[in-house]
Amino acid sequence: MYNKLQYISQGNTIEAQLYNIHQALDNGCDWVQMRFKNQTTKNSFALAEAVKFLCEEYLANFIINDNVYLAQQIAADGVHLGLSDTKIDEARAILGNTKIIGGTANTFEDITNHIKNGCDYIGLGPFQFTETKEKLSPILGIEGYHEIIQKIKSNNLEIPIYAIGGITLENVDQLIETGVHGIAVSGIITKSPEKGKLITQLNEKLYANVII
């Protein structure tokens, strides 16, 4: 089963991205989604190449945001696609069956479409307001997660759901209670002065009821 904590990278330069990703990996995060928007092909490739090397060193999953062809070119572990990006089934045709494909969702209908098209996990959100993303879908809140996950269960659907969007340490217990598989976070890790302590606390909450 997939790791419960995903780090979505931040930084406007290759150097900033690499620093933030390295810090997250070094402090116990083992799933990185590289999000490097509005960049040249050359810069995106250079960063992806370096991040792949880092993730291999730390035995972490390496997912690329949006860019299916870069994920294919660099042989990343997979790709994460937004609602307006490449379609899930098209990405599957390009990447094959062994790669991880995640999809962003805001509604139950989004999720059913993603499952039908061969998606492996869902980033469901936003949980609350976040500055990380420019065009936010409607805020879900705890009640939104409860409602959507109950629909998933009542329709006998199974897919790992990650809560995303403005999540803090204090929100994790409530979110896990809704039935989400894990969380995808960005700013909370990037901005933390005590990343090791924070990531440990996040993982303790996420894995509290898991029987190994």
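One can find the structure itself at the top, above this paragraph.
Residues numbered from 1 in each chain as written. Predicted model: local features only at pLDDT ≥ 70, side-chain atom pairs only at ≥ 80, totals over all residues. Heavy atoms only, no water.

A. Spotlight on helix H6 (residues 141–154). Spanning 14 residues, H6 covers 20 Å between terminal C-alpha atoms, matching the ideal 20 Å at 1.5 Å per step. If you check which residues of H6 are buried, you get Gly141, Ile142, Gly144, Tyr145, Ile148, Ile149 and Ile152. Projected down its long axis, H6 carries its buried residues within an arc of 155°, all on one side. Opposite the buried face of H6, at more than 90 degrees from it, the exposed residues are Glu143, Glu147 and Ser154. Of the surrounding secondary structure, the elements contacted by the buried residues of H6 are helix H5 (108–116), strand E6 (121–124), strand E7 (161–164) and helix H7 (172–178). Remark: Asn156 follows H6 within two positions and exhibits a positive phi of approximately 55°. (Helix = DSSP H or I, 4+ residues; strand = E, 2+ residues; numbered from the N terminus. Expected span 1.5 Å × (residues − 1). Buried < 20%, exposed > 50% of the residue type's maximum accessible area, 1.4 Å probe, protein only. Arc of directions from axis to C-beta. Contact = heavy atoms within 4.5 Å.)

B. Just the layout of surface pockets, in detail. The calculated volume of the second largest pocket comes to roughly 330 Å³. In terms of lining residues, the second largest pocket is bounded by 13 residues, among which Ile159, Pro160, Gly179, Val180 and His181 are the most central. It is H6 that provides the largest number of residues to the lining of the second largest pocket, a total of three residues. Residues that form the lining of the second largest pocket fall into these classes: eight nonpolar, two polar and three charged. (1 Å grid on protein atoms, 1.4 Å probe; cavity = no way out; pocket = protein on both sides within 12 Å on 5 of 7 lines; lining within 4 Å. Points joined across faces, edges and corners; volume = space filled by probe spheres on them. Nonpolar A, V, L, I, M, F, W, Y, C, P; charged D, E, K, R; others polar.)

C. The arrangement of the packing of helix H1 (residues 14–26) against helix H2 (residues 41–57) in detail. In contact at an axis separation of 10 Å, H1 and H2 are set at 20° when each is read in the N-to-C sense. Of the possible angle classes, the one that applies to H1 and H2 is roughly parallel. Helix-helix and strand crossings are classified by hand; for H1 and H2 the assignment is right-handed. Contact residues: Ile14, Gln17, Leu18, Ile21, His22 and Leu25 in H1; Asn43, Ala46, Leu47, Ala50, Val51, Leu54 and Cys55 in H2. Grouping the amino acids of the contact of H1 with H2 by side-chain chemistry returns ten nonpolar, three polar and no charged. (Axes fitted to C-alpha atoms, helices over the stretch in contact; angles between N-to-C directions. Parallel < 35°, antiparallel > 145°, perpendicular 65-115°, else oblique. Left-handed = near helix turned anticlockwise from the far one by under 90°.)

D. Inspection of the pattern of salt bridges at higher detail. Enumeration over the complete set of coordinates arrives at four salt bridges. When the shortest N-O distance is used, the salt bridge between Lys37 and Asp66 registers 2.0 Å. You can see Lys37 sitting in the loop between strand E2 (31–34) and H2 and its partner Asp66 sitting in the loop between strand E3 (61–65) and helix H3 (68–74), a full 29 residues away along the chain. Taking relative accessible area as the criterion, Lys37 reaches 36% and is therefore assigned partly exposed. We note a salt bridge from Asp120 to Arg92, for which the minimum N-O separation is 2.7 Å. Here Asp120, found in the loop between H5 and E6, pairs with Arg92, found in helix H4 (residues 88–95); they are 28 residues apart in sequence, far enough to count as distant. Residue classification places Arg92 among the buried positions, given a relative accessible area of 14%. (Salt bridge = Lys/Arg side-chain N within 4 Å of Asp/Glu carboxyl O.)

E. Here's a closer look at the side chain of Arg92. A polar contact is formed between the side chain of Arg92 and the backbone oxygen of Gly118, at a distance of 3.0 Å. If we skip the residues at most four places from it in the chain, Arg92 touches Asn97, Lys99, Ile101, Gly118 and Asp120. (Polar contact = N/O pair within 3.5 Å; in protein donor to acceptor, adjacent residues only side chain to side chain.)

F. Summary view of the sheet that holds strand E1 (residues 5–8). Strand order around the closed barrel formed by eight strands is E1-E2-E3-E4-E5-E6-E7-E8, with parallel pairing between neighbours. For this sheet, the mean inter-axis angle between neighbouring strands, taken without regard to orientation, is 25°. Pairing geometry for strand E5 (residues 100–105) and E6, over four bridges, is parallel. Looking at the pairing, Gly103 lines up with Ile122 of E6. In this fold helix H9 (residues 195–206) packs onto E1 and strand E8 (182–185), with an angle of close to 140° to the strand it touches most, E1. (Pairing = 2+ DSSP bridges.)

G. Looking closely at the packing of aromatic side chains. Considering all chains together, one arrives at six aromatic pairs under this definition. Ring geometry for Tyr2 versus Tyr121: centroids 6.2 Å apart, planes at 75°, classification edge-to-face. You can see Tyr2 sitting in the segment before E1 and its partner Tyr121 sitting in strand E6, a full 119 residues away along the chain. What makes Tyr2 partly exposed here is its relative accessible area of 23%. Between Trp31 and Tyr121, the ring centres sit 5.6 Å apart and the planes meet at 90°, which makes this aromatic pair edge-to-face. Taken together, the positions of Trp31 in strand E2 and Tyr121 in strand E6 put the pair 90 residues apart, joining distant regions of the chain. Each member of the pair, Trp31 together with Tyr121, is buried. Through a chain of ring-to-ring contacts, three or more aromatic side chains come together here, namely Tyr2, Trp31, Tyr121 and Tyr162. In this structure, Lys4 is placed above the aromatic ring of Tyr207, and the distance from its NZ or CZ to the ring centre is 5.9 Å. (Phe/Tyr/Trp six-rings, centres within 6.5 Å; stacked < 30°, edge-to-face > 60°. Lys NZ or Arg CZ within 6 Å of the ring centre and 35° of its normal.)

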